[in-house]
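Remarks on the overall topology
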There are 2 protein chains.
Amino acid sequence: MTLSPKQCEKAIQCPFKDIKWLHIALTHRSAGSENNERLEFVGDSVLNFVIGNALFEQFPKANEGTLSRLRASLVNETTLAERARSLKLGDYLILGSGELKSGGFNRNSILSDALEAIIGAIFKDQGFSAAQRWILNLFADLLEATSDNHVIKDPKTRLQEFLQGRKLSIPVYTLLTSEGLSHEQVFHVECRVDDKNLMTRGSGSSRKRAEQQAAQKLLDQLDDGLSH
Amino acid sequence: MTLSPKQCEKAIQCPFKDIKWLHIALTHRSAGSENNERLEFVGDSVLNFVIGNALFEQFPKANEGTLSRLRASLVNETTLAERARSLKLGDYLILGSGELKSGGFNRNSILSDALEAIIGAIFKDQGFSAAQRWILNLFADLLEATSDNHVIKDPKTRLQEFLQGRKLSIPVYTLLTSEGLSHEQVFHVECRVDDKNLMTRGSGSSRKRAEQQAAQKLLDQLDDGLSH
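Throughout what follows, the structure given in this document is the object of discussion. (Residues numbered from 1 in each chain as written. Chains lettered and ligands numbered in written order. Predicted model: local features only at pLDDT ≥ 70, side-chain atom pairs only at ≥ 80, totals over all residues. Heavy atoms only, no water.)

For the rest of this paragraph, the subject is the relation of the copies chain B and chain A. Between chain B and chain A, the superposition needs a rotation of 180° and an axial shift of 0.1 Å, giving an RMSD of 0.2 Å. Here the symmetry operator amounts to a two-fold rotation axis. Looking at the interface residues of chain B, 100% of them are also at the interface in chain A, so both copies use one shared face. (Least-squares fit on C-alpha atoms with pLDDT ≥ 70 in both. Contact = heavy atoms within 4.5 Å.)

Moving on to the sheet that holds strand β2 (residues 186–193) of chain A. All names here are of chain A. Taken in spatial order, the three strands line up as β1-β2-β3 in an open sheet, and their pairing is antiparallel. This sheet does not close on itself; its edge strands, each paired only once, are β1 (172–179) and β3 (198–204). Strand-to-strand twist of the sheet, defined as the mean angle between neighbouring strand axes without regard to direction, takes the value 20°. (Pairing = 2+ DSSP bridges. Helix = DSSP H or I, 4+ residues; strand = E, 2+ residues; numbered from the N terminus. Axes fitted to C-alpha atoms, helices over the stretch in contact; angles between N-to-C directions.)

Okay, the sheet that holds strand β1 (residues 172–179) of chain B next. Residues and elements named next belong to chain B. Strand order in the open sheet formed by three strands is β1-β2-β3, and the pairing between neighbours is antiparallel. Among the strands making up the open sheet, the edge pair consists of β1 and β3 (198–204). Strand-to-strand twist across the sheet, computed as the mean angle between neighbouring axes with direction ignored, equals 20°.

Listed as interface residues are 30 residues of chain B and, on the opposing side, 31 residues of chain A. Buried surface at the junction of chain B and chain A, summed over both partners, amounts to about 2600 Å²; 59% is from carbon and sulfur atoms. There are two salt bridges connecting chain B and chain A. K124 of chain B is paired through a salt bridge with E57 of chain A; the nearest N and O atoms lie 2.5 Å apart. In this structure, the connection of chain B to chain A is made through ten residue pairs in polar contact (both at pLDDT 80 or more). Contributing elements (two or more residues each) for the side of chain B that touches chain A: α3 (37–58), α4 (64–74), α6 (97–101) and α7 (108–126) of chain B. (Buried area = accessible area lost by both parts, 1.4 Å probe. Salt bridge = Lys/Arg side-chain N within 4 Å of Asp/Glu carboxyl O. Polar contact = N/O pair within 3.5 Å; in protein donor to acceptor, adjacent residues only side chain to side chain.)

In structure tokens:
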């Protein structure tokens, strides 16, 4: 049996001025035309902004690429669905009969969308600061656990540690070419990991920078491989 | 000659508490390690949130897909670079010697990134409300000119008008199948535009909904064709 938005309000510990917003946020599109899709659109952008800003503050030395990667590790369907389950959002979802029968209340995409819609609803009902507080509270432990490994260790170090941890051959860097005049030379480097049959290239204003770039690209390829 | 951040502050009509933020926002990565990439990361998410929310308010009947499309038509490299040029941001950019020589101050990507970084800088220096005000002022005419054609007219109407406007054959809709019990039937429909050699399919809980979905998909294909 679906519990009411009023009961949800208690569970998420966020008193609404107008409970209508929470009602809409809990309504899946299968249940009618006034559903949570528009609130999800807004909530998604609030969430990305708030978490992005929190990471900006938490990691003052992280570059844009690292911040993007860290955010993607926190704001994704799997993590959001897990947070939604911790709030038991499935108990409050308003679903059409088809989704109800097929177990939509436990589907990652539906849970994750509803959580974003609730964020949108809090913003619409109570303004930006309230939405920010609620998000930061919901993500507090995840933010705390977010390792700054990605930040304090450079790509070459992380690649080497990754491979050693798996007893794989260490990466081999080869200088391919360098071009330009001495004060603005560009170096091109290749990074090979034979055990994984992977090869990337990097370039930069020093040989070391070129190697770091190639190592980062290789880490990205390993990441892709792991997530598939 | 590059003009100073202090002069930029006047041009963008936004007094900073700490001009350091604007200085960083104007600094391209070619000019040093304390550059605008991190502020661009934050500014991008503020901008997407503020414009997304403005569209949410402006188009109360638009669904999530329409809101996304409308936002993408406002927040993209071309539009941001055009706005940056209207503020003459190129005059204030701090570039490395290579970018300086190759005309980086007039490159779309560099101008667009700097504008997002300035938004991030205003947010960091003056808070969310100030950033929101500045963005809405910068985009006021674009938001006003954003047509609600996409909202008030349904996909079938828009497709028909698009084709008639180009003296092309009108779309032909064919019911392929319907399945399920009477109260939860699903209809599958095909939409063909022979003059364009395009065909899409749609499904929905009524024949009309299925046709609207097929028409929307065909519009998307026409959009893709135009933008390539």
